[in-house]
Amino acid sequence: MSVLDEHTEQILLSPTEALAAVRAWEQQGALLSLALRHVEATKTFADDGTVSMNAWLRNHAKMNSRAASALLSVGRFLDTNLAFAEAAITGTLSAGQITVAKQLAHPKYAPLLGELGAELAETLAPLSFNDTQVAVTKWRTKADALLDDGEPPVEPP
């Protein structure tokens, strides 16, 4: 019996079961990103002399730099944006939506995200991936105008 045969029940899924598996995988990904952020923040990765968390993941988890950076980047975003962390962990927002929202992980947006992050996460929750991209772009445009001028942009009629 092959390894694949031993895991047939986990491989041959209905569409509903497959979607549930994707959601569980994304939840675990969010939790893993936050856990790696914790290891990075506490610098416990350096106990063996490794100089960065990215290098630690490359050496110990046998990841490439891109995959390590992606996990760490999501962890940093979630760690500083509680509403998005909760939405990722509960499955309210998909991993794709979190990746799009992560475009707002810039220090200039931090105060606004701190104030309006829960509202934004709630707005994004029912949206498709493409609509999430549009909404985040609009939010960023309004945030830029507000931060630059102190006035939100006027919406066309």
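A brief structural summary. Predicted model, so just to flag it, every value in this text is computed and none were measured.

What counts as what
Residues numbered from 1 in each chain as written. Predicted model: local features only at pLDDT ≥ 70, side-chain atom pairs only at ≥ 80, totals over all residues. Heavy atoms only, no water. Helix = DSSP H or I, 4+ residues; strand = E, 2+ residues; numbered from the N terminus. Buried < 20%, exposed > 50% of the residue type's maximum accessible area, 1.4 Å probe, protein only. Contact = heavy atoms within 4.5 Å. Lys, Arg positive; Asp, Glu negative; His and termini not counted. Charge placed at Lys NZ, Arg CZ, Asp CG, Glu CD. Axes fitted to C-alpha atoms, helices over the stretch in contact; angles between N-to-C directions. Parallel < 35°, antiparallel > 145°, perpendicular 65-115°, else oblique.

**Quick word on the overall build of the protein chain**
Phase 1: A count of helices and strands for the protein chain gives 9 helices and 0 strands.
Phase 2: When its helices and strands are written in sequence order, the protein chain yields α-α-α-α-α-α-α-α-α.
Phase 3: If one aligns the C-alpha atoms of the protein chain with their principal axes, the spans along those axes are about 65 × 45 × 20 Å.
Phase 4: Within the protein chain, buried positions represent 27% of all 157 residues.
Phase 5: Long-range contacts, defined here as pairs at least 24 residues apart, represent 58% of the contacts in the protein chain between residues at least 6 apart.
Phase 6: Positive and negative charge centroids in the protein chain, built from 12 and 19 side chains respectively, lie 8 Å apart.

**Let's talk about unusual backbone geometry**
Phase 1: The residue Lys43 is not glycine, and still its phi comes out positive at about 60 degrees.
Phase 2: Take Lys43: it is sitting in the loop between α3 (15-42) and α4 (53-60).
Phase 3: Backbone geometry at Lys62 places phi at a positive 60 degrees, although glycine is not the residue there.
Phase 4: Assignment of secondary structure puts Lys62 in the loop between α4 and α5 (65-80).

**Observations regarding the packing of α3 against helix α6 (residues 82-90)**
Phase 1: At their nearest, the axes of α3 and α6 sit 7 Å apart, and the two run at 140 degrees to each other. Accordingly, the angle class assigned to the pair α3 and α6 is oblique. Across the interface between the two elements, Gln27, Ala30, Leu31 and Leu34 from α3 touch Ala85, Ala88 and Ile89 from α6.

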